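Spelled out, the chains give:
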Amino acid sequence: MGNSALKAHLETAQKTGVFQLTGKGLTEFPEDLQKLTSNLRTIDLSNNKIELLPPVIGKFSFLKSLVLNNNKLTALPEELCKLKKLETLHLNGNHLRQLPAAFGQLLALKTLSLSGNQLRTVPTQLCGLRHLDVVDLSKNQIQNVPDTVGELQAIELNLNQNQISQISVQISHCPRLKVLRLEENCLELGMLPQSILSDSQISLLAVEGNLFEIKKLRELEGYDKYMERFTATKKKFA
């Protein structure tokens, strides 16, 4: 892509607060964006070949939305965690194995998408994020859901298409969790905590494509309580 085209994008971004440059084969974060650290509210660099997010990302102090789907990121810089206004972070289709240690400092974060990465566990850093509504960890390599998940504040947690065979009973204690997606994992029926049915806030549990028949789920103790929540929610949105 020529310099003049990039310049035009930068000029538009300066006026609108939105920098969008997708599918252009970029191999690195555009250096010229540094001139707009105080302007930008949204950066979308999806469908490129970016391998590294530079530390300067931490200087975009007004950034609300960062979208880097389908790049080649293998790690995220700690500086990312300085973005105190960041509400939306989409990093689907990269090669991330973990999140920065200070990720829990992204206190404004509401939506986090990490589908199609190489995470092996549910990151504990997510548990301190009080405004987190939606977490998408589908299509990773997660094998179990640890006890720390009980502190997760999310309303929806998507764990579809992982390798999960164990789930901590603490997931029933998530205070706001309404939607739990566990489709296409490696769960035996005996490994699904019954308290999810009998004693949680969860009103939509999606478990198709595991190592048990759905009709067996209906025979579990607490299933009627779950159905009450499911029906009540359905009525609310009908």
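Our structure's up above, just so we're on the same page.
So, here is what we can say about the structure in this document. (Residues numbered from 1 in each chain as written. Predicted model: local features only at pLDDT ≥ 70, side-chain atom pairs only at ≥ 80, totals over all residues. Heavy atoms only, no water.)

### Concerning the packing of aromatic side chains
Applying the stated criterion across every chain, the model contains 3 aromatic pairs. On the numbers, 6.1 Å between centres and 75° between planes, the contact of Phe-29 with Phe-60 is edge-to-face. Taken together, the residues span a long stretch of sequence, with Phe-29 in the loop between strand 1 (18-20) and strand 2 (42-44) and Phe-60 in the loop between strand 2 and strand 3 (65-67) at a distance of 31 residues. Owing to a relative accessible area of 0%, Phe-60 belongs among the buried residues under this scheme. Seen in terms of ring centroids, Tyr-223 and Tyr-226 are 5.7 Å apart; in terms of plane orientation they differ by 55°. Their pairing is tilted. Within this pair, Tyr-223 and its partner Tyr-226 are both found in helix 4 (residues 223-237), separated by 3 residues, close to a single helical turn. In this pair, the class of Tyr-223 matches that of Tyr-226, namely buried. (Phe/Tyr/Trp six-rings, centres within 6.5 Å; stacked < 30°, edge-to-face > 60°. Helix = DSSP H or I, 4+ residues; strand = E, 2+ residues; numbered from the N terminus. Buried < 20%, exposed > 50% of the residue type's maximum accessible area, 1.4 Å probe, protein only.)

### Here's the deal with a positive patch on the surface
On the surface, Arg-41, Lys-64, Lys-85 and Lys-110 cluster together to form a positively charged patch. Residue placement: Lys-110 occurs in the loop between strand 4 (88-90) and strand 5 (111-113). (Patch = residues over 30% accessible without salt bridge, like charges linked within 9 Å, V, L, I, M, F, W, Y side chains within 5 Å. Areas by Shrake-Rupley, 256 points an atom, 1.4 Å probe, with all protein chains shown as cover. Salt bridge = Lys/Arg side-chain N within 4 Å of Asp/Glu carboxyl O. Lys, Arg positive; Asp, Glu negative; His and termini not counted. Charge placed at Lys NZ, Arg CZ, Asp CG, Glu CD.)

### Some details on the pattern of salt bridges
One pass over the full model with this rule turns up 4 salt bridges. Between Lys-35 and Asp-32 there is a salt bridge, with the nearest N and O atoms lying 3.6 Å from each other. On the basis of relative accessible area, Asp-32 is assigned to the partly exposed category, the value being 30%. Among the salt bridges present, the one from Glu-213 reaches Lys-215, with a minimum N-O distance of 3.6 Å.

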